[in-house]
Each structure stands twice: as structure tokens, then as C-alpha cells.
Amino acid sequence: MRILVVGAGATGGYFGGRLAEAGRNVQFLVRPARADRLRADGLRIVSPYGDLTIVPDVVTAGEIAQPFDVILLTVKAFGLVAALDDIAPAVGPETMILAFLNGMRHLDLIAERFDRRNLVGCVCKVATTLDPDGRILQLSPVQEIAYGELDGTASDRMARLDATMRDAGFSARLSTDIEREMWEKWTLLATLAASTCLLRGSVGQILAAPGGRQTAFALLDEVTATVSRVGRQPGERAMAAIRAMLSDEGSSQTSSLYRDVMIGAPIEADQILGDLLARARTAGVPTPLLTAAYAQLSIYEAARRG
Ligand SMILES: NC(=O)C1=CN([C@@H]2O[C@H](COP(=O)(O)OP(=O)(O)OC[C@H]3O[C@@H](n4cnc5c(N)ncnc54)[C@H](OP(=O)(O)O)[C@@H]3O)[C@@H](O)[C@H]2O)C=CC1
Ligand SMILES: CC(C)(CO)C(=O)C(=O)O
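Counting restarts for each chain, with residues numbered from 1 along the sequence as it is written. Here every chain gets a letter starting at A, and every ligand a number starting at 1, in the order they are written. Residue-level local features of this predicted model are given only where pLDDT is at least 70; pairs of side-chain atoms are given and counted only at 80 or more, and the full residue set underlies all totals for whole chains, interfaces and linings. To obtain the side-chain values, all non-hydrogen atoms of the structure were used and water was disregarded.

Observations concerning the domain arrangement of the protein chain
So, step 1. Residue ranges assigned to the domains are those given by an automatic or database domain assignment. Parsing the protein chain into structural domains produces domain 1 (2-176) and domain 2 (181-305).
So, step 2. Look at where the C-alpha atoms of domain 1 and domain 2 centre, and you get two points 25 Å apart.
So, step 3. Residue contacts are counted whenever heavy atoms from the two residues lie within 4.5 Å of one another. Each partner contributes residues to the interface: domain 1 has 19 residues there, and domain 2 has 15 residues.
So, step 4. Taken together, the two surfaces of domain 1 and domain 2 that pack against each other cover about 1,700 Å², and 55% of this comes from carbon and sulfur.
So, step 5. Two parts lose some accessible area (1.4 Å probe) when they are put together, and adding that loss for both gives the buried area. By the criterion of area lost to domain 2, the three top residues of domain 1 are N102, M104 and R105, representing 40% of everything that side buries.
So, step 6. Salt bridge, as used here, is a side-chain nitrogen of Lys or Arg placed within 4 Å of a carboxyl oxygen of Asp or Glu. Applying the counting criterion to the domain 1 and domain 2 interface returns 2 salt bridges.

So, the site of ligand 2
So, step 1. Near is defined per residue: the residue qualifies when any heavy atom it owns lies within 4 Å of the molecule or strand. Within the structure, ligand 2 sits among N102, V126, K185, L188, L189, L192, Q253, S255 and S256.
So, step 2. For this analysis, a polar contact is any N or O atom pair within 3.5 Å, provided that within protein one partner can donate a hydrogen and the other can accept it, and provided that sequence-adjacent residues contribute only side-chain to side-chain pairs. One of the backbone nitrogen or oxygen atoms of V126 is found 3.1 Å away from an oxygen atom of ligand 2.
So, step 3. The contact in question runs from an oxygen atom of ligand 2 to an N or O atom on the side chain of S256, over 2.5 Å.
So, step 4. Sort the elements by how many residues they give to the shell around ligand 2 and helix 6 (residues 178-199) lands first, with 4 residues.
So, step 5. Amino acids outside the nonpolar list (Ala, Val, Leu, Ile, Met, Phe, Trp, Tyr, Cys, Pro) and the charged list (Asp, Glu, Lys, Arg) are all regarded as polar, and Gly is one of them. For the shell around ligand 2, a count of residues per class yields 4 nonpolar, 4 polar and 1 charged. Strands are runs of DSSP state E lasting at least two residues, helices are runs of H or I lasting at least four, and both sets are numbered from the N terminus onward.

Examining the pattern of salt bridges
So, step 1. Following the criterion strictly, the structure yields 18 salt bridges and no others.
So, step 2. Of the charged contacts, one joins D131 and R135 as a salt bridge, the two residues approaching to 2.7 Å between their closest N and O atoms.
So, step 3. One connected set of salt bridges, linked through shared partners, spans D177, E179, R180 and R232.

So, helix 4 (residues 105-113)
So, step 1. Between buried and exposed lies partly exposed: a residue is buried under 20% and exposed over 50% of the maximum accessible area for its type, with that area taken using a 1.4 Å probe on protein chains only. The set of residues buried in helix 4 consists of H106, L107, I110 and A111. What you see down the axis of helix 4 is that its buried residues fit within an arc of 135°, all on one side. The arc in question is traced by the directions running from the helix axis to the C-beta atoms.

Concerning empty space enclosed by the protein
Which parts of space are left empty comes out when a probe the size of a water molecule is rolled across the atoms.
So, step 1. A pocket, in this scheme, is an open set of points on a 1 Å grid over the protein atoms alone with protein on both sides within 12 Å along at least 5 of 7 lines, while a cavity is a set where a 1.4 Å probe fits but cannot get out; residues line either one if an atom lies within 4 Å of a point. Grid points are joined across faces, edges and corners, and a volume is the space filled by probe spheres set on the points. Under the definition given, this model contains 3 cavities of 30 Å³ or more.
So, step 2. Computed from the structure, the largest cavity encloses a volume of approximately 70 Å³.
So, step 3. Residue lining of the largest cavity: K76, N102, L189, A193, S256, L257, D260, I267, E268 and I272, and that is the complete set.
So, step 4. Broken down by secondary-structure element, the contributors of at least two residues to the lining of the largest cavity are helix 6 and helix 10 (256-262).
So, step 5. Per-element tally for the lining of the largest cavity: the top contributor is helix 10, with 3 residues.
So, step 6. Considered as a void within the structure, the second largest cavity measures approximately 60 Å³ in volume.
So, step 7. Lining the second largest cavity, in full, are L101, N102, G103, C122, V123, C124, M182, K185 and W186.
So, step 8. Counting residues per element, the ones that place at least two in the lining of the second largest cavity are strand 8 (119-130) and helix 6.

Quick word on the side chain of E184
So, step 1. Topologically, E184 is positioned in helix 6.
So, step 2. Only four residue types enter the tally: Lys and Arg on the positive side, Asp and Glu on the negative side, with His and both chain ends excluded. Notably, E184 is buried but unbridged: the nearest opposite-charge side chain belongs to R180, and the N-O separation is 4.4 Å.
So, step 3. There is a polar contact of 2.8 Å between the side chain of E184 and the backbone nitrogen of G235.
So, step 4. Once residues within four sequence positions are removed from consideration, E184 is found in contact with P234, G235, A238 and I242.

Some remarks on the site of ligand 1
So, step 1. Taken together, 21 residues sit near ligand 1, with A10, T11, R31, T128 and E268 positioned nearest.
So, step 2. In this structure, D86 approaches ligand 1 through a side-chain N or O atom, which is 3.0 Å from a nitrogen atom.
So, step 3. V126 places a main-chain nitrogen or oxygen 3.1 Å from an oxygen atom of ligand 1.
So, step 4. Methods summary: accessible areas were calculated by the Shrake-Rupley approach with a probe of 1.4 Å, and residue burial reflects only the protein chains presented. Contact with the protein chains hides 85% of the accessible area of ligand 1, taken as 890 Å² for the molecule alone.
So, step 5. Listed by contribution, the elements that provide at least two residues to the shell around ligand 1 are helix 1 (10-21), helix 3 (80-87) and strand 8.
So, step 6. Among the elements that take part in the shell around ligand 1, strand 8 stands out by supplying 4 residues, more than any other.
So, step 7. Of the residues in the shell around ligand 1, the class split is 10 nonpolar, 6 polar and 5 charged.

Digging into the side chain of S202
So, step 1. As for its placement among the helices and strands, S202 is situated in the loop between helix 6 and helix 7 (203-208).
So, step 2. Reaching out from S202, the side chain makes a polar contact with the backbone oxygen of S251 at a distance of 3.4 Å.
So, step 3. Excluding anything up to four places from it in sequence, S202 contacts S251, S252, Q253 and T254.

As C-alpha cells, this is what we get:
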């Protein structure tokens, strides 16, 4: 299968690099500055599973001649609309698009731009970041992607996709309920992002602060009530894992959104919190803490814009 990885950043560079290392047919669609760096230094991964440098097969927008079988869309939410224009020549009727983005709004944007049949549900679990030298650093051992038809059916194309993704140096899993898994991941991430950004600290620092635990768990209640009303109710196993993560005394766990705020970078507040709040408002679910967290992040974004 011909795979196009859109973006060679923290996630795309990581999973695309592993797929290429495992011999899959991978091209990276990147923008000119990243292309120059990759051509000069290679695609470099620093990982607890072993470091890796490969010479990636790189294209830039305008150089794509024909559709791909699989597209891994790994841009941040604020780059999505532009990326969808850039990948148009790569999308044919049979192309499967797997997006690593958190939240759910991107599904509608992709379906509106192309066709709902192009969509494959996907959850990406990893903690990677780009360092100032453009290397991909893997920060924790978790490295999994799960995928599946959004309606849960077992299709031939999922079997082909699964055969391509498996045994490529990370955990790859065909899910029969990927839509629920996506809502569960959003529950985790929205709670973690809102609590770490609102309270300005890691899980351990929040738990050590007066009222920190109550605030984090009240946020979890707001997010869970919203997700259960407007999406799918998270399963008990997922909820137990989220509660355990939020109760881990001394934990240095933060969210990528919080880490981006701390370095003054652009953030995905609209995709992770704004969209959830809009759905909560429509459904009449009260969300005072989420509203406060989003207001604070909106002030950050306004200040960044200047
Ligand atoms: N990092 C993580 O651990 C996890 C991230 N996610 C989610 O995955 C998504 C991607 O995150 P992440 O990989 O961290 O983000 P990064 O910012 O590290 O990587 C995104 C890359 O996309 C590139 N890009 C943007 N627009 C285009 C375009 N039009 N054409 C080609 N390349 C483009 C950027 O390149 P350029 O250099 O040109 O700006 C950048 O390198 C996010 O939605 C995030 O929430 C999910 C799970 C974990
Ligand atoms: C769920 C989590 C924390 C995993 O890295 C994440 O996706 C993020 O912080 O953006």
C-alpha cells in the first residue's frame, strides 16, 4: 500500500519513520523548510526503543501526481484546512484517511472536503515532541495507533490496512468500536488539558494544591457529562484509567496543550475545548470550569496574535 504521511512532526515523523524503517512504501508531504532540514539531516528519532535516522522520501505541495492508498494526517488542528487543500491530488475514491488529531471536528471537515467514505476512525497514543534541532523525541514508552470503520464494520479495506500497519515497530490495532475510543480519548485529553492549563501545573502539582483534586475531578464530571450526551458514553475501563491518571500523586504528567502554552506556541484550544463547549451549550450541559479554562486559553491566543 502507498502511504502518504502529511507532516513529519512529532507524530507523523515518529510513526512514518517507523513504517519506513519496517519497509513500508512511505512518502512524507512536508512544507519547504521541513523538506530542507529532512534532506540535510535525515529524519531522526530518539526513542527508548532505539534511535533511528532514515533518508525520508519527501514531497512538497504541488508534487503529488496520483492518489495514495492511505493518508496519515498528522498536522495540528490549526493547520488542517490548508493541509486538506494540499492533499487533494492524493485523495481518490478509495483513499483511506487516518487523522491523528484529537477531538472529533476534523472528521466533519475531512468529510466535507472529500467524501465520508475516505474517513477511517483513528486514535493515536504516543508522547513525542520535536526538539529545536528538528529531531523527534519519544518521551514515554506508549506507542499505539488504533483504527477502524466508524460504523464498526469489519471491511476488506480494514483488513488490508491492518496488515500494513502491524509489525512495523509500534503497536497497531484494529478496533471494532473506534468511534467510542475517539470520544474516550477526547474525554481524557479535554480533562487533562483544561485542568493543567486552568491550574497551571502537572497532575502531581494539582493534587498537592488545596482544591486541586476537586477541581480536576469536577472538570472530569463536566467533560464526561458532555461527551455522554453529545457523543458516546466512555466505557468503565477508560473512565477508571482517566481517574487513575488524575489521582497519581507526584505525577509529572501534563498535556501537550499546556506544554505549548508554556513555550508560547500556537495551541489547539478550539479543537480540544472550544468545540466541546459548543456541543455542551447546544445540549444544555452546564460547564462552568471548562468555560473558564477555554476563556483563559482564548486570552492567551489573543495575546499571541498581538
Ligand atoms: N505529539 C503527541 O504526543 C501527540 C499529538 N497528537 C495530535 O496529533 C496531531 C499532530 O501533533 P504533532 O505531531 O505533535 O504536531 P507537530 O506540530 O509536531 O507536527 C505537525 C507537523 O505538520 C506539519 N504541517 C502542517 N501543515 C502542513 C502542510 N500543509 N503540509 C505538510 N506539513 C504540514 C508541520 O510542519 P512545519 O514544520 O512546516 O510547520 C509540523 O511538522 C495534533 O492534533 C495533536 O493533538 C495526538 C497524540 C499524541
Ligand atoms: C493524551 C495525551 C496526554 C497523550 O500524550 C495527549 O494526546 C496530549 O497531551 O496531547
